[in-house]
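Overview (structure and organization)
Listed here are the chains, written in short residue letters.
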Amino acid sequence: MTVKIVTDSTADIPSELAQELGIEVVPLKVRFGTEEFLDGIDLSSEEFYQRLVQGPTLPTTSQPSVGEFTEVYQRLGEGSDGIMSIHVSSKLSGTFNSAKQASEQAESGCPIEVVDTLQASMAVGLIVLAVARAANAGAGMEELAALAEDTSSRSEFFVMLDTLEYLKKGGRVGPAMALIGGILSIKPMIILRDGEVNELAKERTRRKGVARLIRTAHEFGTVDDIAILHSTTPDEAESLASNLSQLLPEGRQPVISRAGSVIGTYSGPGALGIALIRSATT
């Protein structure tokens, strides 16, 4: 028997990695008008970003229900030693609260640990990947819970946006800040701190924004893992991954991921970001 690993679709883990490591991904929902889609299942990334830019209305998002998490926990609990459920910051989404309630209601037959990473996107993804690898190597619940807490405490996530408009319309940033960014035509840069969106910097050009991303990553010193996230610029993501591979232990390469529908709703097209886990010895 093993410990099962659960996360949500905002972790933006590439599907092939999730399948390889046996990670159960519970999808959030994206709604365009009266049409509702399961994140990462019902709508391709190309279709989503085309709708986002060209559609008459911006999408809204919602977390999985308590019942949806309960079904997953009860299904995975059969024959398992435990379930580790690792999620996006509770300060950004109600997903953690749904998972927590479900863990208290589910008749899974095994212990369930629900983790609030206070992170988003591939910062959550890197935490989940570390825990999943340890679970597949035979680690138990206590060891995995400690690992999830430790990697969460060493995680960082920072992003260059093409515009603040999508964060503003999604209620994640004030209208005044978005207005200033639009007037100046700046490239706004954000970082997650204590589970919430904070300003990292403002750069006047995209080239300077990419340079700031690289500089910020280097400021964290040596790292255990890195992921590059993009919404619509895969070539930039590849170049950034190549540049930052030197920060990783020998033989490791950054994970490259595309922002899914939920994260893309708030980041918009042109977003480019870095998630990393700082080395414990840094």
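Structure report, in brief. (Residues numbered from 1 in each chain as written. Predicted model: local features only at pLDDT ≥ 70, side-chain atom pairs only at ≥ 80, totals over all residues. Heavy atoms only, no water.)

1. With respect to the sheet that holds strand 9 (residues 187–193)
Rules: A pair of strands is treated as paired once DSSP finds two or more bridges between them. Runs of H or I in DSSP of at least four residues are treated as helices and runs of E of at least two as strands, each being numbered from the N terminus. Fitting a line to C-alpha atoms yields each axis, with helices limited to the stretch in contact; the angle taken between N-to-C directions then spans 0 to 180 degrees.
Taken in spatial order, the six strands make up an open sheet running 10-9-8-13-11-12, and their pairing is mixed. Both outer strands of the open sheet, strand 10 (196–203) and strand 12 (255–258), are each paired with one neighbouring strand and no more. Neighbour to neighbour, the strand axes of the sheet diverge by 20° on average, direction disregarded. Summarising the sheet, strand 11 (residues 223–230) and strand 13 (residues 272–278) pair through seven bridges and their orientation is antiparallel. Looking at the pairing, Ala-227 lines up with Ala-275 of strand 13.

2. Observations concerning the side chain of Ser-257
Applied cut-off: For the purposes of these results, a polar contact is taken to be a pair of N or O atoms within 3.5 Å, where, inside protein, one atom must be able to donate a hydrogen and its partner to accept one; residues adjacent in sequence count only when each atom of the pair is a side-chain atom. Here a residue-residue contact requires only that any non-hydrogen atoms of the pair lie within 4.5 Å.
With respect to the helices and strands, the residue Ser-257 is situated in strand 12. Among the polar contacts made by the side chain of Ser-257, one reaches the main-chain carbonyl oxygen of Asp-12 at a distance of 2.4 Å. If we skip the residues at most four places from it in the chain, Ser-257 touches Asp-12, Pro-14, Met-122, Ile-228, Leu-229 and His-230.

3. Some thoughts on the layout of surface pockets
Over the atoms, a rolling probe the size of a water molecule traces out where space has been left empty. In plain terms, the rule: We place a 1 Å grid over just the protein atoms. Points where a 1.4 Å probe fits but has no way out form a cavity, open points with protein on both sides within 12 Å along at least 5 of 7 lines form a pocket, and any residue with an atom within 4 Å of a point lines it. Grid points are joined across faces, edges and corners, and a volume is the space filled by probe spheres set on the points. Classification convention: Asp, Glu, Lys, Arg as charged; Ala, Val, Leu, Ile, Met, Phe, Trp, Tyr, Cys, Pro as nonpolar; all other residues, Gly among them, as polar.
Taken as a whole, the largest pocket encloses approximately 500 Å³ of empty space. What lines the largest pocket is a set of 25 residues, and nearest its centre among them are Asp-12, Ile-13, Pro-14, Ser-15 and Gly-40. Within the residue set of the lining of the largest pocket, elements represented by two or more residues are strand 1 (3–8), helix 1 (15–21) and strand 12. Take the lining of the largest pocket: its biggest share by element is four residues, from helix 1. A breakdown of the residues in the lining of the largest pocket according to their chemical character gives 10 nonpolar, 10 polar and five charged.

4. Brief notes about the environment of Thr-117
Note that Thr-117 resides in the loop between strand 7 (112–116) and helix 5 (121–136). Note: C-alpha distance between Thr-117 and Ser-153 (36 residues apart in sequence) is 8.1 Å. With sequence-adjacent residues up to four places away left out, Thr-117 is seen in contact with Ile-86, His-87, Val-88, Ser-89, Val-124, Ile-127 and Ser-152. Within the structure, Thr-117 has its side chain in polar contact with the backbone oxygen of His-87 (distance 2.8 Å). Here Gln-119 takes part through its backbone nitrogen, which lies 3.1 Å from a polar atom of the side chain of Thr-117.

Honestly, it's all geometry; don't read function into it.
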